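Residue-level listing of the chains:
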Amino acid sequence: MSVSELKAAFPSHDTPGYVGFANLPNQVHRKSVKKGFEFTLMVVGESGLGKSTLINSLFLTDLYPDRLVPSAAEKIAKKTMQLDASTVEIEERGVKLRLTVVDTPGFGDAIDNGGSFLEINRYIDEQYERYLRDESGLNRKNIIDNRVHCCFFFISPYGHGLRPLDIEVMKQLSDKVNIVPVIAKSDCLSRDEVNRLKGIILKEIKENGIKIYSLPDCDSDEDEDFKQQVDDLRQSMPFAVVGANAMVEVGGKKIRGRQYPWGVVEVENPKHCDFVKLRTMLITHMQDLQEVTHDVHYENYRSHRLASKPGGFVPPTPVRKNTADEKDKQLQEKELELKRMQEMVAAMQQQIKQQSQTSLASLATSDH
Ligand code: GDP
């Protein structure tokens, strides 16, 4: 994507109501444009860190209109973390984006959080398994890609870096998904505190051998401005974000922000937080996130899966039924039935032929 395209995709925060994915066609093949983009984003982090608010701010849509936040007592009663996938279709200048956001309500809420990781892991594997099955099925052309392409990992602004649970979960997810760490509610921190926390998080990520999503190197013939932009994004990780559902008035303009007694934190103001950088990274690298998911993480899953089956590929057991499978099955049954009927007709024709030959022969002998 060139700088001018990038600028068009991300107008300044004077242009509200615009996400910027209409420029995605520049990244991908035309065929995908017609079909629309499928992208799945997982958000991991303890409840109350502002995950839903950020997602709604990012995609300018209310993804959770009927959301009920459970009380502490309800959370204890439920004990386990549950995953919640919501899909929205957003259209911008004729370009469709089928966005699935997988939330992890209850993450880190339990006393023993071992189950949190297992649930997340199971969900990711289930999507890979489904894709693997669909890929080896009859309806290969119309596979719906529900694999998790990116995982926003929310880090609390109140701690002194990563918590043991964050380290454990990030480590385990490293080889499965593209992790993008974000510092939640960064308006709680001063600029120095944000920089210090970023430093600590990066150090801990390195020390613990956690692999996070790294932006690909630019081509050497790429625009200098673009290279600079990618470099800035790289330097800003982990992104310190602020989310807001409310629109407030600043200088006669309605903007997305958080009104405090001392002033307004503007979500889309790069001086206030990294929200725009996070959005730019997500939109301009959507295709790369999909490619890394397919070429690296899915390929890892696939080779492990195939290696675990002695004697080569054995189609995996279906994890969940979907309508495409049922249609394939019905089609196969119909084909078998048709084949049986054709065989019956052929057998009958053969019988008639034999009968007419015998009667002709007996007629000939009676004539003599
Ligand atoms: P979730 O449980 O992680 O999905 O968190 P929510 O999005 O429901 O947010 C929990 C609370 O935090 C709500 O009262 C939000 O208004 C508030 N909140 C969300 N984002 C931010 C933020 O960036 N800064 C601050 N200070 N509060 C936020």
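Above this note sits the structure.
Since the structure is predicted, the reported quantities are computational estimates derived from the model, not experimental observations.

Asker: Help me understand the overall build of the chain, please; the structure alone is not making it clear to me.
Answerer: A count of helices and strands for the chain gives 11 helices and 9 strands. When burial is assessed residue by residue, the chain has 42% of its 368 residues classed as buried. Taking the intrachain contacts of the chain between residues at least 6 apart in sequence as the baseline, contacts between residues at least 24 apart amount to 71%. When the accessible surface of the chain is split by element, carbon and sulfur atoms take 52% of a total near 20900 Å².

Asker: Can you help me understand the nonpolar core in this one?
Answerer: Grouped burial of nonpolar side chains is what soluble globular proteins tend to show. Counting 42 residues, the largest nonpolar core has Phe39, Phe59, Phe152, Phe239 and Leu278 as its most contacted members. Sort the elements by how many residues they give to this core and helix α9 (residues 275-284) lands first, with 6 residues. Setting aside residues no more than four positions away along its own chain, Phe152 makes contact with Leu41, Met42, Val43, Val44, Leu54, Ile55, Leu58, Val180, Leu278 and Leu282. Core analysis: the next-biggest nonpolar cluster, separate from the first, contains 34 residues, Phe117, Ile124, Tyr131 and Tyr298 among them.

Asker: Looking at this model, I keep getting lost on the pattern of salt bridges. Mind explaining?
Answerer: As a working rule, side chains carrying opposite charge can pair if their charged atoms are close by. The full count for this structure, using the stated rule, is 16 salt bridges. Salt-bridge contacts for Arg122 lead to Glu126; the nearest nitrogen and oxygen are separated by 3.1 Å. Placement of the pair is Arg122 and Glu126 together in helix α5 (residues 114-135), with a separation of 4 residues, close to one helical turn. A residue is classified by how much of its surface remains accessible, and Arg122, at 46% relative accessible area, is partly exposed. Between Lys211 and Asp175 there is a salt bridge, with the nearest N and O atoms lying 2.3 Å from each other. One end of the pair, Lys211, is in the loop between α7 (191-207) and α8 (224-236); the other, Asp175, is in the loop between α6 (164-173) and β5 (179-183), with 36 residues separating them in the sequence.

Asker: Just checking my understanding: could you explain the packing of helix α3 (residues 51-59) against α9 for this structure?
Answerer: The packing of two helices is summarised by the inter-axis angle and the distance between the axes. Contact pair α3 / α9: the axes reach a minimum separation of 11 Å and the direction vectors enclose 65 degrees. The angle between α3 and α9 falls in the class roughly perpendicular. Handedness of the crossing formed by α3 with α9: right-handed. Each of Leu54, Ser57, Leu58 and Phe59 in α3 lies in contact with α9, whose residues at this interface are Phe275, Leu278, Arg279 and Leu282. Within the contact of α3 with α9, the residues separate by chemical class into 6 nonpolar, 1 polar and 1 charged.

Asker: Would you mind going over the pairing of strand β7 (residues 247-250) with me for this structure?
Answerer: Looking at chain direction, β7 and strand β8 (residues 253-260) are connected through 4 bridges and run antiparallel. Each residue of the ladder has a partner; that of Glu249, found in β8, is Lys254. Hairpin connection between β7 and β8: a loop of 2 residues separates the two successive antiparallel strands, and Gly251 in this loop has a positive phi of roughly 55 degrees.

Asker: Help me understand the site of the ligand, please; the structure alone is not making it clear to me.
Answerer: In the vicinity of the ligand there are 15 residues, among which Gly48, Ser52, Thr53, Asp187 and Gly243 approach most closely. Interatomic distance of 2.9 Å between a backbone N/O atom of Gly243 and an oxygen atom of the ligand. In this structure, a nitrogen atom belonging to the ligand sits 3.2 Å away from a side-chain N or O atom of Tyr260. Among the elements of the structure, α3 and β8 are those that each provide at least two residues to the shell around the ligand. Top contributing element to the shell around the ligand by residue count: α3, with 3 residues.

Asker: Where do I start with unusual backbone geometry in this structure?
Answerer: Residues Met237 and Pro238 are joined by a peptide bond in cis, for which omega reads -5 degrees. Its place among the elements puts Pro238 in the loop between α8 and β6 (239-240). A positive phi angle, near 45 degrees, is found at Lys185, a position not held by glycine. Mapped onto the fold, Lys185 is located in the loop between β5 and α7. Under the relative-accessibility criterion, Lys185 is labelled partly exposed at 31%.

Asker: So what exactly am I meant to see when it comes to the packing of aromatic side chains here?
Answerer: Any two aromatic rings considered together are summarised by their centre-to-centre distance and by the angle between their planes. Enumeration over the complete set of coordinates arrives at 4 aromatic pairs. Where Tyr128 meets Tyr298, the ring centres are 5.9 Å apart and the plane angle is 45 degrees; that geometry is what we call tilted. Of the two residues, Tyr128 is situated in helix α5 and Tyr298 in helix α10 (residues 286-307); the sequence distance between them amounts to 170 residues. When sorted by exposure, Tyr128 lands in the same class as Tyr298, which is buried. Where Tyr131 meets Tyr298, the ring centres are 5.1 Å apart and the plane angle is 80 degrees; that geometry is what we call edge-to-face. Of this pair, Tyr131 sits in helix α5 while Tyr298 is found in helix α10, placing the two residues 167 residues apart along the sequence. For Tyr131, a relative accessible area of 13% gives the class buried. By the ring-pair criterion, three or more aromatic residues cluster together here, those being Tyr128, Tyr131, Tyr298 and Tyr301. The residue whose ring lies beneath Arg147 is Tyr131, and the NZ or CZ to ring-centre distance is 3.6 Å.

Asker: Please explain the side chain of Asp145 as it appears in this structure.
Answerer: Secondary-structure assignment places Asp145 in the loop between α5 and β4 (150-155). At a separation of 2.8 Å, a polar atom in the side chain of Asp145 contacts the side chain of Arg147. Within the local environment of Asp145, its side chain forms a polar contact with the side chain of His149, the two groups lying 3.1 Å apart. Filtering out sequence-adjacent residues up to four positions away, Asp145 remains in contact with Glu38, Thr40 and Tyr131.

Rules behind the numbers
- Residues numbered from 1 in each chain as written.
- Predicted model: local features only at pLDDT ≥ 70, side-chain atom pairs only at ≥ 80, totals over all residues.
- Heavy atoms only, no water.
- Helix = DSSP H or I, 4+ residues; strand = E, 2+ residues; numbered from the N terminus.
- Buried < 20%, exposed > 50% of the residue type's maximum accessible area, 1.4 Å probe, protein only.
- Contact = heavy atoms within 4.5 Å.
- Areas by Shrake-Rupley, 256 points an atom, 1.4 Å probe, with all protein chains shown as cover.
- Core = buried A, V, L, I, M, F, W, Y, C linked by side-chain atoms within 4.5 Å.
- Salt bridge = Lys/Arg side-chain N within 4 Å of Asp/Glu carboxyl O.
- Axes fitted to C-alpha atoms, helices over the stretch in contact; angles between N-to-C directions.
- Parallel < 35°, antiparallel > 145°, perpendicular 65-115°, else oblique.
- Left-handed = near helix turned anticlockwise from the far one by under 90°.
- Nonpolar A, V, L, I, M, F, W, Y, C, P; charged D, E, K, R; others polar.
- Pairing = 2+ DSSP bridges.
- Near = heavy atom within 4 Å.
- Polar contact = N/O pair within 3.5 Å; in protein donor to acceptor, adjacent residues only side chain to side chain.
- Phe/Tyr/Trp six-rings, centres within 6.5 Å; stacked < 30°, edge-to-face > 60°.
- Lys NZ or Arg CZ within 6 Å of the ring centre and 35° of its normal.

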